[in-house]
Amino acid sequence: MGTTPRTAGRYGAAALLAALALSGCAPSAPQAAPTAPTPAPSPSSPAQICTSLVSYWAKETLKGTKWSGLDWEQKGLSNEQYEIHEEAVAAGRAEERTAGRDKALELIDRFVAQRCAERNGATWSSENWRPPT
């Protein structure tokens, strides 16, 4: 009467859509075995932090980069770290004149690592800044 005959095509399309929907719910590939969680990085020692910070800024100063003109406080250095920075830059400049920039940058890394280790991070207070002696 008022209904249209259903065709085989409509039934086929409906069956195909149902099959696709159901297959999308099941995993198609085997799941990977759970991996162990990545361990959190161990905290850095004061000497390691000092070395990283001071070495970075000493090398930037030697290269004369845009940010190298920041003062010790803007660079986040303590008084002792600033002293190491200034000594490292002076040593780096002397090395650069005789052996070139690459050797000067290597010298800064070694120099700063040694001084930061000797001073256990050189974290003496930054209050009442005083120029290096």
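Note: the structure precedes this text.
Residues numbered from 1 in each chain as written. Predicted model: local features only at pLDDT ≥ 70, side-chain atom pairs only at ≥ 80, totals over all residues. Heavy atoms only, no water.

**Q** What is the right way to read the packing of helix H2 (residues 46-63) against helix H4 (residues 101-118) from this model?
**A** When two helices pack together, their arrangement is given by the angle between the helix axes and the distance between those axes. The N-to-C vectors of H2 and H4 enclose an angle of 150°; their axes lie 9 Å apart at closest approach. Relative to H4, H2 is oriented roughly antiparallel. In this structure, H2 meets H4 at a crossing whose hand is right-handed. Taken together, the residues of H4 that come into contact with H2 (itself represented by Ala-47, Cys-50, Thr-51, Val-54, Ser-55, Ala-58, Lys-59, Leu-62 and Lys-63) are Arg-101, Ala-104, Leu-105, Ile-108, Asp-109, Val-112, Ala-113, Cys-116 and Ala-117. The residue inventory of the contact of H2 with H4, partitioned by class, reads twelve nonpolar, two polar and four charged. (Axes fitted to C-alpha atoms, helices over the stretch in contact; angles between N-to-C directions. Helix = DSSP H or I, 4+ residues; strand = E, 2+ residues; numbered from the N terminus. Parallel < 35°, antiparallel > 145°, perpendicular 65-115°, else oblique. Left-handed = near helix turned anticlockwise from the far one by under 90°. Contact = heavy atoms within 4.5 Å. Nonpolar A, V, L, I, M, F, W, Y, C, P; charged D, E, K, R; others polar.)

**Q** Is there a simple way to think about the packing of H2 against helix H3 (residues 79-99) in this case?
**A** With their axes 9 Å apart at the nearest point, H2 and H3 run at an angle of 45° to one another. Taken together, the axes of H2 and H3 are oblique relative to one another. Once H2 is placed against H3, the crossing between them reads as right-handed. Two secondary-structure elements touch here, H2 through Cys-50, Leu-53, Val-54, Trp-57, Ala-58, Thr-61 and Leu-62 and H3 through Gln-81, Ile-84, His-85, Ala-88, Val-89, Gly-92, Arg-93 and Glu-96. Looking at the contact of H2 with H3 residue by residue, the classes come out as nine nonpolar, four polar and two charged.

By themselves, these observations are geometric and do not establish any function.
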